[in-house]
Amino acid sequence: MIELRNLSELEVDSLVEIFNIGVGHAAAAMSSIVHEEVRMSVPALQFTSRSQAAGELGDGLSLCGISQQFQGAYATEAILMFPEAASFEIVRMMVGDLVPIDELGEMEREAMSEIGNIVLNACVGTLANLFQKELHGSLPVYRVGSSEQILNPTHDSSDPVVLMLRIDFSLERQQIEGYLAFILDMSALSDLREQINLYLKRFSGNAIDGYHSP
């Protein structure tokens with residue numbers, strides 16, 4: 001893992017705090033969907049490549065991933081991931097007894113995409129409100145495959161370094177664990193740092209210590 005040497009301690013703390021607020025909204029959104037308390041971890045930041053990040057999730061794990069691209073004040077890819085084996089159960093929790101069990105499989109893709117859309121937008125929408133900027137999301141993309149296929153679907157041969165914010169979460173009663181990831185390339189990180197600086201200025205009147213616009 002590459003150290004967070006490009007970010008000051010205050011920038012890292014602010015980034016974690018801001019995303020943690022968004023994570024709280026995402027957890028509440030997911031809880032309302034599955035009718036169960038969802039616990040999410042504090043965001044963990046690391047500079048890494050997509051392939052390295054995929055390896056840390058486990059090469060042998062088949063995942064269901066819902067991703068969206070967000071553009072605006074900065075650009076990020078947001079991905080909600082569950083073990084593939086758990087996706088059917090999550091859909092069942094979402095619809096309850098409204099749909100016969102033999103029909104759940106047919107609606108799994110659409111239902112999981114809708115869950116991803118709600119959860120990811122709950123988090124990103126919170127960030128947009130905090131930064132007082134607009135962020136526009138693409139339609140959700142649903143994929144099933146290995147962690148590499150979910151996190152690096154284009155198989156970029158250069159495998160550039162990105163900033164990844166990873167949040168682990170769990171549905172304790174059902175013993176389902178999953179992951180929420182936000183991926184930013186270096187140019188997007190520069191834009192995000194600027195938004196963090198402006199955010200802190202509004203509340204403290206002081207720029208981030210040691211921050212210089214690239």
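What you are looking at is a predicted structure, and each value in this text was computed from that prediction instead of being measured. Residue numbers restart at each chain and count upward from 1, following the sequence in its written direction. This being a predicted model, a pLDDT of at least 70 is required before a residue's local features are given, and a value of 80 or more before pairs of side-chain atoms are given or counted; all residues contribute to the totals for chains, interfaces and linings. To obtain the side-chain values, all non-hydrogen atoms of the structure were included, while hydrogens and water were left out.

Trainee: Got a sec to walk through the overall build of the protein? Specific residues and values, please.
Mentor: A helix here means a DSSP run of H or I that spans at least four residues, while a strand means a run of E at least two residues long, and both kinds are numbered starting from the N terminus. Regarding its fold elements, the protein presents 6 helices and 8 strands. Along the protein, helices (α) and strands (β) appear in the sequence α-β-β-α-β-β-α-α-β-β-α-β-β-α when read from the amino end. Across the protein, the fraction of contacts at a sequence separation of at least 24, relative to all contacts at a separation of at least 6, is 70%. Only carbon and sulfur atoms are counted for the fraction: they give 49% of the accessible area of the protein, which is about 10,400 Å². Residues are treated as being in contact if the distance between any of their heavy atoms lies within 4.5 Å. Values of accessible area rely on a 1.4 Å probe in the Shrake-Rupley scheme; residue burial ignores everything except the protein chains shown.

Trainee: Tell me about the pairing of strand β7 (residues 161-171), residues and numbers included.
Mentor: The element β7 is extensively covered by neighbouring structure, given that 9 of its 11 residues are classed as buried. Where strand β1 (residues 38-40) and β7 come together, 3 bridges link them in antiparallel fashion. Residue pairing in the sheet places M40 in a bridge with F169 of β7. Strand direction decides the pairing type here: strand β2 (residues 44-49) and β7, joined by 6 bridges, are antiparallel. Within β7, the position partnered with T48 by the bridge is V162. For two strands to be treated as a pair, DSSP must find at least two bridges joining them. By the bridge criterion, 9 bridges tie β7 to strand β8 (residues 176-184) in an arrangement that is antiparallel. Within β8, the position partnered with R166 by the bridge is A181. A 1.4 Å probe rolled over the protein chains alone gives each residue an accessible area, and that area as a share of the maximum for its type sets the label: buried under 20%, exposed over 50%, partly exposed in between.

Trainee: Could you give an account of unusual backbone geometry, naming the residues involved and the relevant values?
Mentor: A positive phi is found at H35, a non-glycine position, where the angle reads about 60°. Residue placement: H35 occurs in the loop between α1 (9-34) and β1. Accessibility expressed as a relative area gives 55% for H35, which makes it exposed. Residue Q132 is not a glycine yet carries a positive backbone phi of 55°. With respect to the helices and strands, Q132 occurs in the loop between α4 (101-131) and β5 (135-137).

Trainee: Tell me about helix α3 (residues 84-95), residues and numbers included.
Mentor: By the burial criterion, the buried members of α3 are A86, S87, I90, V91, M93 and V95. Trailing α3 by a residue or two, G96 shows a phi angle of about 65°, which is positive.

Trainee: Describe the packing of α1 against helix α6 (residues 186-204), and please don't skip the residues or the numbers.
Mentor: For helices, the axis comes from a line fit to the C-alpha atoms of the stretch in contact; other axes are also lines fit to C-alpha atoms, and the angle between any two N-to-C directions lies between 0 and 180 degrees. Close contact between α1 and α6 brings their axes to 10 Å; oriented N to C, the two are set at 85°. Judged on the interaxial angle alone, α6 and α1 are roughly perpendicular. Counting all contacts with α1, which are made through L10, E11, S14, L15, I18 and F19, the residues of α6 involved are L192, R193, I196, Y199 and L200. Looking at the contact of α1 with α6 residue by residue, the class counts come to 8 nonpolar, 1 polar and 2 charged. Angles below 35 degrees are treated as roughly parallel, those above 145 as roughly antiparallel, those between 65 and 115 as roughly perpendicular, and all remaining angles as oblique. The residue classification treats Ala, Val, Leu, Ile, Met, Phe, Trp, Tyr, Cys and Pro as nonpolar and Asp, Glu, Lys and Arg as charged. All others, Gly included, are polar.

Trainee: Summarise the confidence of the model for the protein; cite the residues concerned and give the values.
Mentor: pLDDT is a residue-level measure of predictor confidence that goes from 0 to 100. Put simply, the protein has an average pLDDT of 84, and 90% of its residues get 70 or more. Scored below 50 in pLDDT, residues 206-214 shows 19 contacts in the model against residues more than four places distant or in partner chains.

Trainee: Give a description of the environment of V12 that names residues and reports values.
Mentor: Tracing the sequence through the fold places V12 in helix α1. Separated by 181 residues in the primary sequence, V12 and R193 place their C-alpha atoms 9.7 Å from one another.

Trainee: How would you summarise the environment of G55 if you had to cite specific residues and measurements?
Mentor: Structurally, G55 can be placed in helix α2 (residues 50-57). With 91 residues separating them in the primary sequence, G55 and S146 have C-alpha atoms 9.8 Å apart.

Trainee: So what about the packing of aromatic side chains? Which residues, and what values?
Mentor: Any Phe, Tyr or Trp ring, taking Trp's six-membered ring, that has another such ring centre within 6.5 Å forms a pair; planes under 30 degrees apart are called stacked, those over 60 apart edge-to-face, and the others tilted. Here the structure, examined in full by the defined rule, presents 4 aromatic pairs. Arranged with centres 5.4 Å apart and planes meeting at 80°, the rings of F82 and F169 form a pair that is edge-to-face. Highlighted residues: F82 in strand β4 (residues 76-83) and F169 in strand β7, separated in sequence by 87 residues. Like F169, F82 is buried. Seen from their ring centres, F131 and Y199 are 6.2 Å apart, and the 90° between their planes marks the pair as edge-to-face.

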